[in-house]
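Structural description and commentary
Chain by chain, the residues:
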Amino acid sequence: MKKLSILLLAIIALTSCNNKESNLIVNANIDGLKKGTVYLQKIEDTLMIDVDSVAIDGNANITLETYIESPQMMYLYLKKVSNSQYDDRIDFFAEEGEVTINTTLENFVTDAEIIGAKNQEKLEEYRSMMQRFNDKNLELIQENFEAQRDENEEQLIDVNKQYESLLKRKYLYTVNFAINNKDLEIAPYLALSEVFDANIKYLDTIYKSLEPKVKKSMYGKELKDFLEERREEEEASESVEPVETEENDIS
């Protein structure tokens with residue numbers, strides 16, 4: 001009887017979760033699309049899952065809905081009837097309310113214009129700056145290629161120094177951007193997605209700067225867990241003592 005009661009409670013809880021009213025509405029217009037299927041997706045336990053979908057048959061104006069517990073990255077995925085190699089996915093920062101995505105069939109990702117809330121605005125601002133870093137990185141790759149071709153050792157050393165400086169500035173910009181937006185969920189998201197391999201002190205600084213509501217968000221909790229894992233790994237590596245061997249030992 002006790003087991004049956006527990007099972008019933010679990011079913012009721014699951015049903016309650018599945019019946020939550022949608023709090024995210026995604027309105028999309030894909031110019032040129034006549035036939036295909038559009039999916040609203042999210043990442044859950046490292047897997048990409050569908051949360052809603054619409055089959056298109058002549059009308060490119062669509063609406064997708066879902067319920068989200070916390071602001072998070074979501075994806076608009078287009079699966080066309082033909083030319084499947086051009087299937088594409090638009091990512092955007094979703095939060096409670098409405099998001100509007102206007103794009104084209106021909107350039108599904110690059111033509112995307114997304115009208116969302118504050119996190120989305122800040123994501124676009126961040127990516128705009130990252131594009132400048134990426135452009136400079138491409139220049140350095142070209143210079144490195146030319147230096148290797150010409151066997152110019154001096155130029156190779158100079159390019160490597162510039163690359164290291166660029167990488168450091170990119171990391172510091174991301175850390176400062178996150179701290180300056182400590183009241184938004186994009187802050188812990190960038191820490192986890194862009195500078196996860198940075199010195200732990202930078203990640204810790206970001207986490208400590210977060211507003212209480214952001215610490216309680218999905219990415220805030222994930223950053224906290226990630227920091228704990230990093231600390232445990234570092235403590236474990238520091239506690240490992242080098243093994244002393246005799247000079248005559250055979251390896």
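Refer to the structure above for everything that follows.
Everything in this summary refers to the structure shown in the same document. (Residues numbered from 1 in each chain as written. Predicted model: local features only at pLDDT ≥ 70, side-chain atom pairs only at ≥ 80, totals over all residues. Heavy atoms only, no water.)

**Here we look at the pairing of strand β1 (residues 24–31)**
Here β1 shows one buried face, formed by L24, V26, A28 and I30, and one open face, formed by I25, N27, N29 and D31. Across six bridges, β1 lies against strand β4 (residues 61–66) in antiparallel orientation. Note that in β4 the partner of L24 across the bridge is T66. Here β1 runs beside strand β7 (residues 97–104); their pairing, made up of eight bridges, is parallel. Residue N27 lies in a different strand from β7, and its bridge partner there is T100. (Buried < 20%, exposed > 50% of the residue type's maximum accessible area, 1.4 Å probe, protein only. Helix = DSSP H or I, 4+ residues; strand = E, 2+ residues; numbered from the N terminus. Pairing = 2+ DSSP bridges.)

**Thoughts on the nonpolar core**
If you look at the biggest cluster of nonpolar residues, it comprises 21 residues, and the most contacted ones within it are L24, V38, M74, L76, F92 and I101. For this core, the secondary structure elements donating two or more residues are β1, β2 (35–44), β4, β5 (72–80), β6 (88–94) and β7. (Core = buried A, V, L, I, M, F, W, Y, C linked by side-chain atoms within 4.5 Å.)

**Brief notes about the sheet that holds β2**
Strands sit in the order β3-β2-β5-β6 across an open sheet of four strands; the sheet is antiparallel. Here the strands that pair on one side only, and so sit at the sheet edges, are β3 (47–57) and β6. Ignoring strand direction, the axes of neighbouring strands in this sheet form an average angle of 25°. Pairing of β2 with β3, which is carried by ten bridges, proceeds in the antiparallel orientation. Counted as the bridge partner of I43 is M48 from β3. (Axes fitted to C-alpha atoms, helices over the stretch in contact; angles between N-to-C directions.)

**Some details on the packing of aromatic side chains**
Under the criterion given, the structure shown has eight aromatic pairs. Relative to Y77, the ring of Y39 lies with its centre 6.0 Å away and its plane at 35°, an arrangement referred to as tilted. Note that Y39 is positioned in strand β2 and Y77 in strand β5, a separation of 38 residues in sequence. Grouping residues by exposure puts Y39 and Y77 together as buried. An aromatic cluster of at least three residues, connected via ring pairs, comprises Y126, F133, Y173 and F177. Of note, K215 hangs over the ring of Y207, and the distance from its end group to the ring centre comes to 5.0 Å. (Phe/Tyr/Trp six-rings, centres within 6.5 Å; stacked < 30°, edge-to-face > 60°. Lys NZ or Arg CZ within 6 Å of the ring centre and 35° of its normal.)

**So, unusual backbone geometry**
In the Ramachandran plot, D45 falls in the positive-phi region, its phi being about 55° despite a non-glycine side chain. For D45, the position within the fold is in the loop between β2 and β3. Not every positive phi belongs to a glycine, and E151 is a case in point at roughly 55°. Structurally, E151 can be placed in the loop between α2 (118–149) and α3 (153–180). Under the relative-accessibility criterion, E151 is labelled exposed at 74%.

**Describing the pairing of β5**
The element β5 is largely enclosed, with a buried count of eight among its nine residues. Where β2 meets β5, six bridges bridge the pair, whose relative direction is antiparallel. Directly across from Q41, in β5, lies its bridge partner Y75.

**Re the side chain of N23**
By the element assignment, N23 lies in the loop between α1 (2–18) and β1. Under the relative-accessibility criterion, N23 is labelled buried at 13%. Those residues within four positions of N23 in sequence are excluded, and the remaining contacts are T66, Y67, I68, E96 and G97. (Contact = heavy atoms within 4.5 Å.)

**A look at helix α4 (residues 186–193)**
Most of α4 sits out of view: six of its eight residues are buried. Every buried residue of α4 is listed here: I186, A187, P188, Y189, L190 and A191.

**Re the pattern of salt bridges**
Here the structure, examined in full by the defined rule, presents twelve salt bridges. For R127, the salt bridge identified is with D91, shortest N-O distance 2.6 Å. Residue R127 is found in helix α2, and its partner D91 is found in strand β6; the two are separated by 36 residues along the sequence. R127 gets classed as partly exposed once you look at its relative accessible area, which sits at 36%. The class for D91 is partly exposed, based on a relative accessible area of 23%. Where K136 meets E139, a salt bridge forms, and the shortest distance between an N and an O atom there is 3.7 Å. Taken together, the residues span about one helical turn, with K136 and E139 both in helix α2 at a distance of three residues. Here the residues in one salt-bridge network are D204, K208 and R231, joined through shared partners. (Salt bridge = Lys/Arg side-chain N within 4 Å of Asp/Glu carboxyl O.)

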